[in-house]
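A look at the structure
If you want the building blocks of each chain, they are given just below.
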Amino acid sequence: MNGWTSNDIGLAWLRQIFLPQTATDDYRLLLLDGHKSHATFEFMWECHINRVALVYLLPHSSYILQPLDLSCFSLLKCRYRDEIANLARFDDASAVKKSKFLKIYRKASNEGLSSYHIRAGWNAAGIYPWDPRKVIRSHQVLQNAQIDQITPTTPPSRKQNQSINDDIHTPFNRQQIRHQTNTISRREPLSRSVRTLLNKTGKAFDQLQWDIVQKSQQLAIQRAQLDEIASRRQKRKAIDCNEVFASIETIKQAKDAMEALEEATTTNSRSNATTTARNRQTESTLTPFMHQFHVNDPV
């Protein structure tokens with residue numbers, strides 16, 4: 001059970017609310033998002049036979065293209081929060097029961113889902129009056145475009161003074177540590193403790209490199225296993241609901257053909273079962289009248 005919507009709820013809304021309240025002899029336009037309850041065969045076929053043209057919004061674009069998101073829903077939520085806040089001032093200890101919820105939601109919906117705000121949503125989305133520039137010039141679209149255009153810049157390098165540090169580089173293995181130690185020792189004396197520390201540091205580098213090699217091999221094996229598992233799985237393909245609706249008649253023909261084939265198969269199965277039962281009944285009736293004669297060989 002889904003608390004929000006389902007295929008049955010979507011079809012019931014279409015038949016009991018949308019079609020009766022928008023009844024006309026001409027075509028009607030219905031804008032939808034890509035929820036699966038709006039893209040079932042039954043839903044699309046019901047719209048097709050009732051002259052309802054479906055247009056599915058692009059995925060992840062309802063906050064720009066959907067009139068309800070642009071005007072009605074935000075105001076509805078604001079009004080509902082205000083009503084809940086007012087209720088909490090007088091009775092904040094008890095939970096909001098169904099009767100109170102329905103009363104509060106009805107009041108909030110009457111204020112938020114008014115004809116004025118509904119028309120404002122269509123205007124904000126640029127659907128009516130038709131103005132696609134409102135979508136292109138949306139501050140959310142421009143903000144995302146500005147984020148995409150930001151490119152990382154490399155900070156300017158600082159000019160270093162010519163000194164002994166110019167000959168010293170970051171070592172990555174034991175050999176490089178030994179080479180750097182010999183370079184420094186030719187310019188200034190090093191104590192025995194410092195040499196011992198550098199020698200132990202070189203051994204630690206060797207151990208770290210060995211661990212890195214081992215873990216890299218294990219990681220390569222695991223990646224190969226994951227790639228093999230991923231190749232076996234069937235990737236989910238994104239369905240363009242507008243293209244699915246365009247071939248709804250073909251889908252209807254294929255579905256009717258499949259039902260006819262299933263009915264023919266069922267009829268043949270029943271016919272075969274009837275023939276088998278009739279043969280068994282005939283055999284059981286003739287069995288008492290059947291005799292077996294045995295001819296003995298002469299002695």
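Residues numbered from 1 in each chain as written. Predicted model: local features only at pLDDT ≥ 70, side-chain atom pairs only at ≥ 80, totals over all residues. Heavy atoms only, no water.

1. A word on the pattern of salt bridges
Tallied over the entire structure, the rule returns 6 salt bridges. We note a salt bridge from Lys252 to Asp256, for which the minimum N-O separation is 3.6 Å. In this pair, Lys252 and Asp256 are both assigned in helix α12 (residues 248-286), 4 residues apart and thus about one turn of the helix distant. Using a relative accessible area of 35% as the deciding quantity, one classes Asp256 as partly exposed. (Salt bridge = Lys/Arg side-chain N within 4 Å of Asp/Glu carboxyl O. Helix = DSSP H or I, 4+ residues; strand = E, 2+ residues; numbered from the N terminus. Buried < 20%, exposed > 50% of the residue type's maximum accessible area, 1.4 Å probe, protein only.)

2. Section: the nonpolar core
Residues Leu14, Leu30, Phe43, Val52 and Leu54 are the most contacted members of the largest nonpolar core, which totals 14 residues. Breaking this core down by element, the ones donating at least two residues are α1 (7-21), β1 (28-32), α2 (41-49) and β2 (52-56). (Core = buried A, V, L, I, M, F, W, Y, C linked by side-chain atoms within 4.5 Å.)

3. A short note on the side chain of Ser71
Position of Ser71 among the secondary structure elements: in helix α4 (residues 67-90). For Ser71, a relative accessible area of 11% corresponds to the buried category. Within the local environment of Ser71, its side chain forms a polar contact with the backbone oxygen of His117, the two atoms lying 2.8 Å apart. Once residues lying within four places of it in the same chain are set aside, the contact partners of Ser71 are His117, Ala120 and Gly121. (Polar contact = N/O pair within 3.5 Å; in protein donor to acceptor, adjacent residues only side chain to side chain. Contact = heavy atoms within 4.5 Å.)

4. Brief notes about the confidence of the model for the protein chain
Averaged over the protein chain, the pLDDT score is 78; the fraction of residues at 70 or greater is 78%. Per-residue pLDDT, averaged within each element of the protein chain, yields its smallest value for helix α11 (residues 241-246) (56) and its largest for α1 (93). (pLDDT = per-residue confidence, 0-100.)

5. What to know about unusual backbone geometry
The peptide bond linking Tyr128 to Pro129 adopts the cis configuration, its omega dihedral lying at -5°. With respect to the helices and strands, the residue Pro129 is situated in the loop between α6 (115-124) and α7 (133-136). Positive phi, normally seen in glycine, also occurs at Arg51, with a value near 60°. Locating Arg51 in the fold gives a position in the loop between α2 and β2. A positive phi angle is found at His60, which is not glycine, with a value near 60°. Take His60: it is sitting in the loop between β2 and α3 (62-65).

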